Amino acid sequence: MANQSEMDLRYLKGVGEKRAGLFHRLGVDSIDALLHFYPRAYEDWSRVVSIAGAPFGEPCCVKAIVSRTPSKHLIRKGLTLYKTEVTDGISLMQITFFNNPYAAGRLKEGEEYLFFGRVGGRFGRREMASPLVERAETGARIRPIYPQTEGLSSRVIETCVARALEQCGDCLQDPLPDALRQEQGLCHLRFAVENIHFPADHEALARARERLVFEELLTLQLGLMRLKARTRTQTALRAEWDYSEAFFAQLPFAPTGAQRRAVAECLRDMRSTTPMSRLLQGDVGSGKTAVAAAVIHTAAQNGLQCAMMAPTGILAEQHYHTLEKLLGPAGIRCALLTGATSTAQKREIKRKLLLGEVDLAVGTHALLQSDVIFHRLGLVVTDEQHRFGVRQRAALADKGDHPHLLVMSATPIPRTLALMIYGDLDVSILDELPPGRQQIKTYAVGSALHQRVYTYLKKHLDQGLQAYIVCPLVEEGETELTAAQEYAQRLQNGPFRGYRLGLLHGRMKPREKEETMRRFASNEIQLLVSTTVVEVGVDVPNAVVMVVENAERFGLSQLHQLRGRVGRGVHPSTCILISDAENEQARQRLQTMCDTTDGFRIADADLKLRGPGDFFGARQHGLPALKIANMVTDMEALGRAQQAARKILRKDPALAQVENLGLRTAVGALFQSVGETGLN
Ligand code: ADP
Ligand code: MG
């Protein structure tokens, strides 16, 4: 066998059919996978403390001699207590076990052991209940704790890992080329694997972790960059002439400096023969749409067809209207293609796209259908990108011959996460809001203040202004539909009798949603009661109050998006977050919302509080799962890994050189889970 470590786990001593089945549940099928199944935490048995010096209530390790064989006490039926006393030569400590004759039976009078647990007790008496016990000769060390599954304890896994290291440690092949490893000052794989499982000391553990984190992030970056490289081959679709001044001249407002800069960056990309691959980041309301419009304008004037994809029909329609107004006068022909477009219209639009009689197609996923064929697709824009997977982005781009790509993020994304998800996309940032923007005052209040909130809303509606209320989130067993309908009814029949209310929810047909949004935009509806479908992108400048029920249940970035629906016109605006949450973290999160309107700061706080997995809610973001690297704390390593990945690919774009084959295999393995290897 070429590589013993790829062997099935059943070839490992002590692992039979049954145990192999349990390991399979943990996703571990080979010896190699077991060696890379890292502990989730550690018990520090390496710092031995005296009984008197043991910290109260915290896990610690005490070395002591058993002063008498444990005694057995029947407390009541089904509850047996085993009790003994140990000493470290200075103090005494009582040890107890409940219903654990095995643990108690191992303790022999006069012998020395390590006891790991929390020290408690009263009136100067020290005791440790149900400690973990080891013979003192095994030595004080840092012990691994593994993610376990029923029938497979952390201790059993530890034994298996130890055997695997013994049997196969020598055949571990280091995917990092020697030169790179040395340049980065990283330890060898063998050392890293040994010490991540059985750290010699804290420093060795840190070195092991550093190296494995770097390797994982490097692999991730290589994979993402390879994905991008596929769209980075040469393109014949250049936009040689810059029409942006003509576009800016006919805008109803002066572009901000940041908008000008972003447009210039895009146009510079599109002038070259390497297709643009750019992420446009900007806070809510920073005017990303106008940037997209300017870029589309120049692309279309250069004879390129453009496509813009949005995640919802409402948003696609809104973009369509905005863009049509901005681009139509220049003779740019726009079309809208969503789920709500009639079959006959669809047929007509597809025909025109194919013949090149439409210059810009705005739409939803409907654009991805295989019978949507472009005449000469040269620019693809995706809005609120993180809702589309890597694959969908590629699917739209594949409709052209290496078109330029502009990705607009919905909310600011922390730098680390942006790097992860967008790999090596170039980034333009809109760090300036258009002038005259209203600061949005934000308040977090308890539900006891509902009446006052309603009064406040009515005061604004009476002045001809508008507002949103985001419904309470559904309870289990309740459907979103009935909950939202009942809530809207209750408001209409109660506090808002005589006002014009509208309801927007996720179960409505696209056409109905659009109709409701249209009525809201034209002030036929004064107060829009909505589930979170209103969250993205919608722009109604006359709406000035946003009320969110159950605010604690939303992510901060989501709340920031919701809040961004107001403060878009000339009127001062308010956001009211209603919540009865008591717990400290929830309160802190809502306080963050009240303290700042800076989307980048909120995004950072959100990532720190919730972790990357939840950052985008349940929505899939097409990234492979990481085993060891942490997107919040390993930021510095990420930067290094990205630089190293760039350097490697510059010399060996296909990872075909002998020293890079290990990395190539690692990239394939990491991206297997998301079905994208970047290397086919
Ligand atoms: P977002 O970045 O959140 O997508 P939009 O593109 O929807 O923001 O822009 C928000 C609002 O700001 C729109 O009403 C738009 O017309 C307006 N806007 C954009 N740029 C400017 C500007 N430079 N000056 C004034 N208003 C602007
Ligand atoms: Mg937008």
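Residues numbered from 1 in each chain as written. Chains lettered and ligands numbered in written order. Predicted model: local features only at pLDDT ≥ 70, side-chain atom pairs only at ≥ 80, totals over all residues. Heavy atoms only, no water.

Quick word on the overall build of the protein chain
Helix and strand content of the protein chain: 23 helices and 23 strands. For the protein chain, the spread of C-alpha atoms along the three principal axes comes to 95 × 70 × 45 Å. Excluding contacts between residues fewer than 6 apart, the proportion of contacts in the protein chain whose partners are at least 24 apart in sequence is 74%. Total accessible area on the protein chain stands at roughly 30800 Å², and carbon and sulfur atoms take up 51% of it. (Helix = DSSP H or I, 4+ residues; strand = E, 2+ residues; numbered from the N terminus. Contact = heavy atoms within 4.5 Å. Areas by Shrake-Rupley, 256 points an atom, 1.4 Å probe, with all protein chains shown as cover.)

Thoughts on the packing of helix α10 (residues 288–301) against helix α11 (residues 313–327)
One way to put it is that α10 packs onto α11 with a least axis distance of 10 Å and a crossing angle of 50 degrees. Considering the angle they form, α10 stands oblique to α11. For α10 against α11, the interelement crossing comes out right-handed. Residues Thr289, Ala293, Ile296 and His297 of α10 form the contact with α11, whose participating residues are His319, Thr322, Leu323, Leu326 and Leu327. (Axes fitted to C-alpha atoms, helices over the stretch in contact; angles between N-to-C directions. Parallel < 35°, antiparallel > 145°, perpendicular 65-115°, else oblique. Left-handed = near helix turned anticlockwise from the far one by under 90°.)

Notes on the confidence of the model for the protein chain
Chain-level pLDDT for the protein chain is 87 on average; 90% of the residues reach the 70-or-more range. Contacts of residues 616–621 to residues separated by more than four positions or lying in other chains number nine contacts, the stretch itself having pLDDT below 50. Every residue in residues 675–680 scores below 50 in pLDDT, and together they form 17 contacts with partners more than four places removed in sequence or on other chains. (pLDDT = per-residue confidence, 0-100.)

A few points about the site of ligand 1
Gly285, Thr289, Arg437, Asp539 and Arg568 are the nearest of the 16 residues found near ligand 1. In the model, an oxygen atom of ligand 1 is placed 2.6 Å from a nitrogen or oxygen of the threonine 289 side chain. Contact with the protein chains covers 82% of the free accessible surface of ligand 1, which is 570 Å². In terms of residue class, the shell around ligand 1 is built from five nonpolar, six polar and five charged. (Near = heavy atom within 4 Å. Polar contact = N/O pair within 3.5 Å; in protein donor to acceptor, adjacent residues only side chain to side chain. Nonpolar A, V, L, I, M, F, W, Y, C, P; charged D, E, K, R; others polar.)

Some remarks on the environment of phenylalanine 123
Take phenylalanine 123: it is sitting in the loop between β7 (112–120) and β8 (127–129). Sequence separation between phenylalanine 123 and glutamate 514 is 391 residues; the distance between their C-alpha atoms is 71 Å.

Quick word on the pairing of strand β3 (residues 59–66)
In the sheet, strand β2 (residues 48–49) pairs with β3 via two bridges, with the strands oriented parallel. Bridging from a neighbouring strand, valine 48 pairs with cysteine 61 of β3. Relative to β7, β3 runs antiparallel, the two being bridged by seven bridges. Across the sheet, lysine 63 pairs through a bridge with leucine 114, a residue of β7. With two bridges joining them, β3 and strand β5 (residues 79–87) adopt antiparallel strand pairing. Bridge pairing in β5 places isoleucine 65 opposite threonine 87. (Pairing = 2+ DSSP bridges.)

Details of helix α1 (residues 17–25)
Of the positions making up α1, those classed as buried are Ala20, Leu22 and Phe23. The arc that holds the buried residues of α1, viewed along the axis, is 160 degrees, so those residues lie on one side. Of the exposed residues in α1, the ones pointing more than 90 degrees away from its buried face are Glu17, Lys18 and Arg25. Elements in contact with the buried residues of α1: α2 (31–35) and α4 (154–168). Once α1 ends, the next one or two residues include glycine 27, with phi positive near 80 degrees. (Buried < 20%, exposed > 50% of the residue type's maximum accessible area, 1.4 Å probe, protein only. Arc of directions from axis to C-beta.)

Considering the packing of aromatic side chains
What characterises a pair of aromatic rings is the spacing of the ring centres plus the angle enclosed by the ring planes. The final tally for this structure, using the stated rule, is seven aromatic pairs. Taken together, a centroid distance of 6.2 Å and an interplanar angle of 10 degrees make the contact between phenylalanine 37 and tyrosine 146 stacked. Remark: tyrosine 146 occurs in the loop between β10 (142–145) and α4 and phenylalanine 37 occurs in the loop between α2 and β1 (41–44); sequence separation between them is 109 residues. Residue classification places phenylalanine 37 among the buried residues on the basis of a relative accessible area of 11%. On the basis of relative accessible area, tyrosine 146 is assigned to the buried category, the value being 0%. (Phe/Tyr/Trp six-rings, centres within 6.5 Å; stacked < 30°, edge-to-face > 60°.)

Section: the sheet that holds strand β22 (residues 543–548)
Overall, parallel pairing links the six strands, which are arranged β18-β23-β22-β19-β21-β20 in an open sheet. Each of the sheet's edge strands pairs with one partner strand only, and the pair in question is β18 (440–445) and β20 (501–504). If you compare each strand with its neighbour and ignore which way they point, the axes differ by 15 degrees on average. In this sheet, strand β23 (residues 573–578) lies alongside β18 in parallel orientation, the contact comprising six bridges. Across the sheet, valine 445 pairs through a bridge with isoleucine 578, a residue of β23. Packed onto the sheet, helix α17 (residues 510–521) meets β19 (466–470), β20, β21 (527–530) and β22 and runs at close to 145 degrees relative to β20. Here helix α19 (residues 584–595) sits on the sheet and contacts β18 and β23; the angle it forms with β18, its principal contact strand, is near 155 degrees.

A word on α10
Spanning 14 residues, α10 covers 20 Å between terminal C-alpha atoms, matching the ideal 20 Å at 1.5 Å per step. Burial of α10 is extensive: 12 of the 14 residues sit out of reach of the surface. Within the span of α10, buried status applies to Lys288, Ala290, Val291, Ala292, Ala293, Ala294, Val295, Ile296, His297, Thr298, Ala299 and Ala300. Following α10 by one or two positions, glycine 303 adopts a phi angle in the positive range, close to 85 degrees. (Expected span 1.5 Å × (residues − 1).)

Remarks on unusual backbone geometry
Apart from glycine, the bulk of residues carry a negative phi angle, and the bulk of peptide bonds sit in the trans form. Of note in this structure, asparagine 99 is not a glycine but carries a positive phi near 50 degrees. Examined against the element boundaries, asparagine 99 turns out to sit in the loop between β6 (92–98) and α3 (101–105). Even without glycine at this site, histidine 402 takes up a positive phi of about 55 degrees. Its place among the elements puts histidine 402 in the loop between α13 (390–397) and β16 (404–408).

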